[in-house]
Amino acid sequence: GNSVTQMEGPVTLSEEAFLTINCTYTATGYPSLFWYVQYPGEGLQLLLKATKADDKGSNKGFEATYRKETTSFHLEKGSVQVSDSAVYFCALSTGGGNKLTFGTGTQLKVEL
Amino acid sequence: NAGVTQTPKFRVLKTGQSMTLLCAQDMNHEYMYWYRQDPGMGLRLIHYSVGEGTTAKGEVPDGYNVSRLKKQNFLLGLESAAPSQTSVYFCAWGIAKNIQYFGAGTRLSVL
């Protein structure tokens, strides 16, 4: 079956620090990979995606590269802001119905 | 998320009571989903639908029923609520291959 493993949080950083949130996966078939972000009290929002090996998804300064050889999709940002404080979910999708399998989420706290 | 509404936003039930959550859209989305979110467990798929009149079980379907009689509405029912069903429930919909968008959520407490 499919599964996604994320690094545990919370991750606490100072503003302008470099961010990495690790994500690895196991999947049957060839998955599409996603990062979603959840701000307090809200639903999840799609942050970025990649659909094939070596694709790089990017949005709002965040990036992640689909690494098939290491089954990874790590999220990075060069300089975080307080407004980036949220919970980040790695997810994958395979097969019919476009069903998503999520990791457990990583809480990010950015302090001044 | 214009065009899609998830109701109610909050609800408190007593054990054994029933309720229905509604996800309503007016944007002709084919794919619709119900998830639950619990601390430390991410989101887990309860049921989903790939079109009007179709439903399928997800990862954690027990204790829930769903219906998609009209394309616009995807209903999630709890026939006899249990404390283990205390959670935040999210409706989601697909507008393109493999991309899902989420509603604002319903916070349910079962006492």
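The structure presented is a predicted model; accordingly, all values stated were derived computationally and were not measured.

Trainee: Sorry if this is basic, but what is going on with the environment of Ile46(B) here?
Mentor: Within the secondary structure layout, Ile46(B) lies in strand β5 (residues 42-49). Measuring from C-alpha to C-alpha, the distance between Ile46(B) and Arg36(B) comes to 6.9 Å, with 10 residues separating the pair along the chain.

Trainee: What is the right way to read the nonpolar core from this model?
Mentor: With 25 residues, the main nonpolar core has Trp35(A), Leu47(A), Leu48(A), Phe73(A), Leu75(A) and Tyr88(A) as its most contacted residues. Of all the secondary structure elements, the ones that give two or more residues to this core are β2 (11-14), β3 (19-21), β4 (23-26), β5 (32-38), β6 (44-50), β8 (62-65), β10 (86-93) and β12 (106-111) of chain A. When residues in this core are grouped by element, the largest group, 4 residues, is from β10(A). By size, the runner-up hydrophobic cluster in this structure holds 20 residues, among which are Trp34(B), Val66(B), Phe74(B) and Val110(B).

Trainee: So what exactly am I meant to see when it comes to the pattern of salt bridges here?
Mentor: Once their charged atoms are close, side chains differing in charge can pair, the charge on each being opposite to the other. By the definition in use, this model includes 7 salt bridges over all chains. Between Asp54(A) and Arg67(A) there is a salt bridge whose closest N-O contact spans 4.0 Å. With Asp54(A) in the loop between β6 and β7 (56-59) and Arg67(A) in the loop between β8 and β9 (75-77), the pair connects residues that are 13 residues apart, well separated along the chain. Using a relative accessible area of 54% as the deciding quantity, one classes Asp54(A) as exposed. Given a relative accessible area of 36%, Arg67(A) falls into the partly exposed group. Salt bridges sharing common partners tie together Arg36(B), Asp38(B) and Arg44(B).

Criteria and cut-off values
- Residues numbered from 1 in each chain as written.
- Chains lettered and ligands numbered in written order.
- Predicted model: local features only at pLDDT ≥ 70, side-chain atom pairs only at ≥ 80, totals over all residues.
- Heavy atoms only, no water.
- Helix = DSSP H or I, 4+ residues; strand = E, 2+ residues; numbered from the N terminus.
- Core = buried A, V, L, I, M, F, W, Y, C linked by side-chain atoms within 4.5 Å.
- Buried < 20%, exposed > 50% of the residue type's maximum accessible area, 1.4 Å probe, protein only.
- Salt bridge = Lys/Arg side-chain N within 4 Å of Asp/Glu carboxyl O.

That's the geometry; what it means functionally is another story.
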